[in-house]
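Spelled out, the chains give:
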Amino acid sequence: MTIKKMDTKKNLFNWTHDRSKYPEIKENGEADIDLTSHKYVKIWHGPNHPGVTGNMALELTLSGDEVVHAKTHVGYLHRGFEKLMERRLYIQCFPTCVRLCVAEPDYNEYLLARSVEELDNIEIPEAAKWLRALSLEMARLATLLRTVPGQAGTLSLGMGVQWGVYLRDLILDLFEELTGGRVYHMYIIPGGVRGLLPDGFKKRMEEVLVKIDEFQKKIDDLIFTNAIFKKRTIGIGVIEKHMVDSYGVVGPNARAAGFARDVRKDYPYLIYDQLDWDIFTLKDSDVYSRSLVRRSDLRVTVDLIRQIMAKMPDGGDIRAQTPNVLHWQIPKGEVYVRSESSRGEYGYYVVSDGSKTPRRVNLRGPSYTHAVVLLEKLLVNANIADVHSIMVSLQTCPPEIER
Amino acid sequence: MALKDILTPFTVWKNVFKEVVSVKDPLNDRPGAARYRGFHVNDVDKCIGCGSCEVICENEAIDLVAVKEATLGNSGLRPMVDYGRCCWCALCVDVCTTASLRLTNEYTWVSENADDFRYIPGVDAKPWDNNELGWKKPEPNYHFYGEKRQDMGELHPEERDHSFIEMIKGFSKEQAMLEADRCVECGICIAACPAHMGIPDYIKAVREDNIEEGFKVLYDTNPLPEICGRICTHKCETVCSVGHLGEALSIRWLKRYIADQVEANDYKKILKTDGITNDGKKIAIIGSGPAGLSAAHYLALMGYSITIFEQFAHAGGMMRYGIPSYRLPYDQIDKDVNYILSLGVEIKYNTKIGKDISLEELKFGYDAVFAGTGLHLGRSTGIPGSDHENVYQSIDLLNKITEDIEIYVPEKVVVIGGGNVAMDITRSMARLQKIKYGKVGVIATALESEENMPADREEIVEAREENAIVNPGWGPQSIEIKDGKITGLHVNKCLSIFDDEGRFSPKFDENNKQFFEADMVVESIGQGMDLGYITEDVKKDLEFGPRGRVVVDEYFQTGVNWLFIGGDIIQGPDVIHGIANGHKAAVGIDKFLNK
Ligand code: SF4
Ligand code: SF4
Ligand code: SF4
């Protein structure tokens, strides 16, 4: 196991580490932790921990205040939605799938709908494509409004989070107007969407976007031009370049490591080929770079929403005529569809045996790799005080791991 | 790290002087959005209790419970919602076949009684019952099932107006499956069908391309599917749930589709009736119309020996002798009838009870008798001139057309009557004129206004397509005769047909008259029954109800216990009622003979 020497030039406050403290690695790859040696302390970080996003636990082995071994434990959510879907009509899966990710349920709606449509060769109306893209970007925006300032929150700078959550609430208000729901929107349905823009929606959206523009300036001052934030994030939690592909790192985490990776560009879907934006990448791949990439994502998302509002058709059909949803049998086959969520590639693998219910719905979520295998590696060497920050910088989402 | 990084964060202190943004009293200051998915409301008068909401709910949060008396097209059930299960997805609203179900935009509801959260929207009063906002069925063009029927192919007027070949082409497999897909399987139609056919089941069989299964379902309740699949009055379609917001399922055509797919040779194999033996008690059936054939079929399946006595040379009764072959081809009648005969049913043609053989003889020769003798006597208007030799009864003409006996076909014909039989003779005469003269000259006139004409709308439309004139709303006054020849019919505008007590008493406008030129007048104002075969000593033990109808019990058994009567003479003219009667009577006869 190679431990990377910290870039001490960048961060003067880095402690030096003494390799002798680390447990031996046994032949089976497990760390040989002998608690009776009094060299180590084991603590549980979660599952009931205010700092953990969702319910997940980190079993940390410390030597002093340094993490020498980490293990991610999931299994606290007792869910099984993927399995439940195997017993439901396709249309009935649609209110179930949203629960796979609470923060961004919309990607689940989209992917389930798209899988069904691809398997059954259904072309959705033009207006529905734009409305889908709108709701997906709104979901991204709502998430980033929390996670961008949330990174500072992990270091006890909570004010940005308060601002962000307020603005997120305004986005949820708009979601409520468009979709009838605040958290689980249940808007993208196989065949299309469930409603056109309400009257005056664009105007109200723009009012909120202007507030978000101001918010961005404010968090730049509060968080990104902040000595403490920089000291606590620069050089911390580095994902090395070689890890990106071997660990399946995607989304902002990959972009912060210099990989221009974005499903919307790489495999354009919906109307993304008609929108204009550049992929923002950084090289350092630490907590700070990932925060900056998300800050850029926030800016881009606001811009994309403006572009969508300007370009989308004013009316039109919202749903293609599908077979009767009560008897809808999806042709035998399998499909993998993907989208770019705020956390990166989020895909569904759906298998149909030709019946009315899916044979298998499997989510490929970024958190599975980011929060389990990757996080376990990144935490080794970290200070206990940075564990939370590193975890949040990967934007881990336990509900999406344990589905 | 620059000095800027140390100082800038402090600039956020300026926010201390900004206005507070939080909503103080969100429940009152910030109502739910107009589309919010809050609590359920149901317009229980609009809801028909189809249960589609219950079926689609993935959380099983809806149960249909009895709330009202069931009526045709309305199960009387209404959805009860359980908020211990509901996730407010509103799929129930989106699927609702009547758009009666909605969600209001309320956010909160507090009650200390957990049972309150299980309630019947629209029945159990709630504070939000009059809230118009909230989630409704989405628009535009948002349908969970096909709203429009599959087009039924038919011959164009110019292809059909000079011949008696069948005009409706029937569904292709693809069309039938698409049509069957529209059904929500609610079963509302079953109650409306006089024979209570297993409609959703056979539609499902079409959807799943399982013709054999569908065919079996048809024969459970209806042994004349080729016939009914063409000319049934389809009462089921008038109540179909899907018809509330779109077009009702083409139930009749789907039935025809199934029957059309099965070769006559395969009937016995599919219906597993190869081994039927008929050595049981003997039953006589008078008349081979729908009621008689249906009774014969079900009794034959029970093992009885059946003999049908038919006055005409062919079986089918009114179905053959009243309905023109462009609507119901004779070979299709034969297909249904031949199968019934193949079950060992014997039929004696050209044998009229009361003339060739008496009812008494049947009484002694058989264990029970079922009479389904139909309505074969034409009724006359009795207006001056109606006794002229060129004034005909539609039923007599239709009989002759069936038997290929030449009838009088002049260039100008007036038909009096607004029902389906009137349209049948109108369209038949139009065809004969077209064949003979190359042009059509038929006027059909009826007392009823166009909206109230009893004929099916499509019959009127198609008659016009074939160049017949349908001019309703006139009352016939007299037939003008000059030099012994009919010259036409005098009519007055009809103001009303019934008096205040609902009795037939038409009122005419003396100042609004018309004269329809004609060489021939056809009266088609309904048919009567001829019970002449019922001998006096039987008659004395029968009870008669209104309009001379024999009173029967639920199994069509009369006061004379060996005599069962059903069909048109009991329930009025309708094939499917006849079939249902025959089936029920078969059960009744079996009970009677086995008690
Ligand atoms: S809203 Fe959804 S969960 Fe609730 S009763 Fe309707 S279908 Fe069921
Ligand atoms: S779907 Fe609509 S019409 Fe049918 S039972 Fe439910 S509420 Fe009533
Ligand atoms: S045919 Fe119409 S009424 Fe009958 S089960 Fe289907 S949807 Fe319901």
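Residues numbered from 1 in each chain as written. Chains lettered and ligands numbered in written order. Predicted model: local features only at pLDDT ≥ 70, side-chain atom pairs only at ≥ 80, totals over all residues. Heavy atoms only, no water.

1. Examining the overall build of chain A
Then comes step 1: A tally of helices and strands in chain A yields 14 helices and 10 strands.
Then comes step 2: Oriented by its inertia axes, the alpha-carbon framework of chain A measures out at about 70 × 50 × 35 Å.
Then comes step 3: Taking all 403 residues of chain A together, the buried fraction comes to 61%.
Then comes step 4: In chain A, the share of contacts with a sequence separation of at least 24, taken over all contacts with a separation of at least 6, comes to 71%.
Then comes step 5: Accessible surface, chain A: about 15,200 Å² in total, of which carbon and sulfur atoms supply 52%.
Then comes step 6: In chain A, 54 side chains carry a positive charge and 53 a negative one; their mean positions are 2 Å apart. (Helix = DSSP H or I, 4+ residues; strand = E, 2+ residues; numbered from the N terminus. Buried < 20%, exposed > 50% of the residue type's maximum accessible area, 1.4 Å probe, protein only. Contact = heavy atoms within 4.5 Å. Areas by Shrake-Rupley, 256 points an atom, 1.4 Å probe, with all protein chains shown as cover. Lys, Arg positive; Asp, Glu negative; His and termini not counted. Charge placed at Lys NZ, Arg CZ, Asp CG, Glu CD.)

2. Considering the site of ligand 3
Then comes step 1: Neighbouring ligand 3 are 13 residues, the closest being Cys183, Cys186, Gly187, Cys189 and Cys240 of chain B.
Then comes step 2: For the shell around ligand 3, the residue count by class is 10 nonpolar, two polar and one charged. (Near = heavy atom within 4 Å. Nonpolar A, V, L, I, M, F, W, Y, C, P; charged D, E, K, R; others polar.)

3. A few points about the domain arrangement of chain B
Residue and element names in this part refer to chain B.
Then comes step 1: Its domain assignment divides chain B into domain 1 (30-135), domain 2 (157-269), domain 3 (276-376 + 530-593) and domain 4 (381-527).
Then comes step 2: A C-alpha centroid distance of 32 Å is found between domain 2 and domain 4.
Then comes step 3: Counting from both sides, the interface comprises nine residues of domain 2 and, opposite them, 12 residues of domain 4.
Then comes step 4: Together, the buried faces of domain 2 and domain 4 total about 980 Å²; carbon and sulfur atoms form 53% of this surface.
Then comes step 5: The tally of links between domain 2 and domain 4 comes to four salt bridges. (Domains from an automatic or database assignment. Buried area = accessible area lost by both parts, 1.4 Å probe. Salt bridge = Lys/Arg side-chain N within 4 Å of Asp/Glu carboxyl O.)

4. Some remarks on the interface of chain A and chain B
Then comes step 1: Contacts between chain A and chain B engage 46 residues on the former and 44 residues on the latter.
Then comes step 2: Roughly 3,700 Å² of surface becomes buried between chain A and chain B when both sides are summed, with 55% attributable to carbon and sulfur atoms.
Then comes step 3: Looking only at chain A, the three residues that lose the most surface to chain B are Arg194, Leu326 and His327 of chain A, adding up to 18% of its buried area.
Then comes step 4: Linking chain A to chain B there are four salt bridges.
Then comes step 5: Between aspartate 94 of chain B and arginine 194 of chain A there is a salt bridge whose closest N-O contact spans 2.8 Å.
Then comes step 6: Counting the contacts that link chain A with chain B gives 28 residue pairs in polar contact (both at pLDDT 80 or more). (Polar contact = N/O pair within 3.5 Å; in protein donor to acceptor, adjacent residues only side chain to side chain.)

5. A closer look at the site of ligand 2
Then comes step 1: Residues in contact with ligand 2 amount to 14 residues; listed here are only the nearest, Cys47, Cys50, Cys53, Cys96 and Thr98 of chain B.
Then comes step 2: Across the shell around ligand 2, the residue classes tally to seven nonpolar, seven polar and no charged.

6. Section: unusual backbone geometry
Then comes step 1: Going from glycine 46 of chain A to proline 47 of chain A, the amide bond is cis rather than trans, its omega being 5°.
Then comes step 2: A cis amide bond links glutamate 139 of chain B to the next residue, proline 140 of chain B, at an omega of -15°.
Then comes step 3: Its place among the elements puts proline 140 of chain B in the loop between β5 (118-119) and α5 (157-160).
Then comes step 4: With a phi angle near 50°, asparagine 350 of chain B is a residue other than glycine that sits in the positive phi range.
Then comes step 5: On the secondary structure map, asparagine 350 of chain B appears in the loop between β8 (346-348) and α17 (359-365).
Then comes step 6: A positive phi angle, close to 50°, is found at aspartate 483 of chain B, a residue other than glycine.
Then comes step 7: Residue placement: aspartate 483 of chain B occurs in the loop between β15 (474-482) and β16 (485-498).

7. Focus: the sheet that holds strand β3 (residues 77-82) of chain B
Residues and elements named next belong to chain B.
Then comes step 1: Across the sheet, which stays open at both edges, the three strands sit in the order β2-β3-β5 with antiparallel pairing between neighbours. Each edge of the open sheet is held by one strand with a lone partner, namely β2 (62-66) and β5.
Then comes step 2: Bridge analysis of β2 against β3 gives five bridges, and the strand direction is antiparallel. Within β3, the residue paired with leucine 64 across the bridge is proline 79. (Pairing = 2+ DSSP bridges.)

8. Quick notes on the packing of helix α14 (residues 290-301) of chain B against helix α16 (residues 330-342) of chain B
Residues and elements named next belong to chain B.
Then comes step 1: Taken N-terminus to C-terminus, the directions of α14 and α16 make an angle of 35°; their axes are 9 Å apart at the nearest point. Judged by the sense of rotation from one axis to the other, the crossing of α14 with α16 is left-handed. Taken together, the residues of α16 that come into contact with α14 (itself represented by Leu293, Ala296 and His297) are Val337, Tyr339 and Ile340.
Then comes step 2: When its residues are assigned to classes, the contact of α14 with α16 shows five nonpolar, one polar and no charged. (Axes fitted to C-alpha atoms, helices over the stretch in contact; angles between N-to-C directions. Left-handed = near helix turned anticlockwise from the far one by under 90°.)

9. Looking at the side chain of glutamate 400 of chain A
All names here are of chain A.
Then comes step 1: Here glutamate 400 shows up in helix α14 (residues 398-401).
Then comes step 2: Looking at glutamate 400, its side chain comes within polar contact range of the main-chain nitrogen of serine 367, at 2.6 Å.
Then comes step 3: Residues contacting glutamate 400, with those up to four places away along its chain left out, are Arg79, Leu100, Cys101, Arg343, Tyr346, Leu363, Gly365, Pro366, Ser367 and Tyr368.

10. Observations concerning a nonpolar patch on the surface
Then comes step 1: On the surface, Leu3, Ile6, Leu7, Phe10, Trp13, Val16 and Phe17 of chain B cluster together to form a nonpolar patch covering roughly 870 Å² of accessible area.
Then comes step 2: Mapped onto the secondary structure, leucine 3 of chain B falls in helix α1 (residues 3-7). (Patch = residues over 30% accessible without salt bridge, like charges linked within 9 Å, V, L, I, M, F, W, Y side chains within 5 Å.)

11. Regarding the packing of aromatic side chains
Then comes step 1: For the coordinates displayed, the defined rule picks out 30 aromatic pairs over all chains.
Then comes step 2: On the numbers, 5.7 Å between centres and 70° between planes, the contact of phenylalanine 39 of chain B with tryptophan 109 of chain B is edge-to-face. Of this pair, phenylalanine 39 of chain B sits in the loop between α2 (26-29) and β1 (40-42) while tryptophan 109 of chain B sits in the loop between β4 (101-103) and β5, placing them 70 residues apart in sequence.
Then comes step 3: Overall, phenylalanine 39 of chain B belongs to the buried group, its relative accessible area being 7%.
Then comes step 4: An angle of 65° between the planes, with centres 4.6 Å apart, marks the rings of phenylalanine 215 of chain B and tyrosine 267 of chain B as edge-to-face. Of this pair, phenylalanine 215 of chain B sits in helix α9 (residues 211-221) while tyrosine 267 of chain B sits in helix α13 (residues 267-271), and the two are 52 residues apart along the sequence. Each member of the pair, phenylalanine 215 of chain B as well as tyrosine 267 of chain B, carries the same accessibility label: buried.
Then comes step 5: Of note, arginine 99 of chain A hangs over the ring of tyrosine 184 of chain A, and the distance from its end group to the ring centre comes to 4.5 Å.
Then comes step 6: Here the basic side chain of arginine 319 of chain A rests over the ring of tyrosine 142 of chain B, its NZ or CZ set 5.6 Å away from the ring centre. (Phe/Tyr/Trp six-rings, centres within 6.5 Å; stacked < 30°, edge-to-face > 60°. Lys NZ or Arg CZ within 6 Å of the ring centre and 35° of its normal.)

12. Brief notes about the sheet that holds strand β10 (residues 360-364) of chain A
Residues and elements named next belong to chain A.
Then comes step 1: Strand order across the open sheet formed by three strands is β8-β9-β10, with antiparallel pairing between neighbours. With partners counted over all chains shown, the strands left at the sheet margins are β8 (333-341) and β10, one partner each. Across the sheet, the axes of successive neighbouring strands diverge by a mean angle of 15°, strand direction being ignored.
Then comes step 2: Relative to strand β9 (residues 344-352), β8 is paired through nine bridges, and the arrangement is antiparallel. Pairing of arginine 338 across the sheet is with glycine 347, part of β9.

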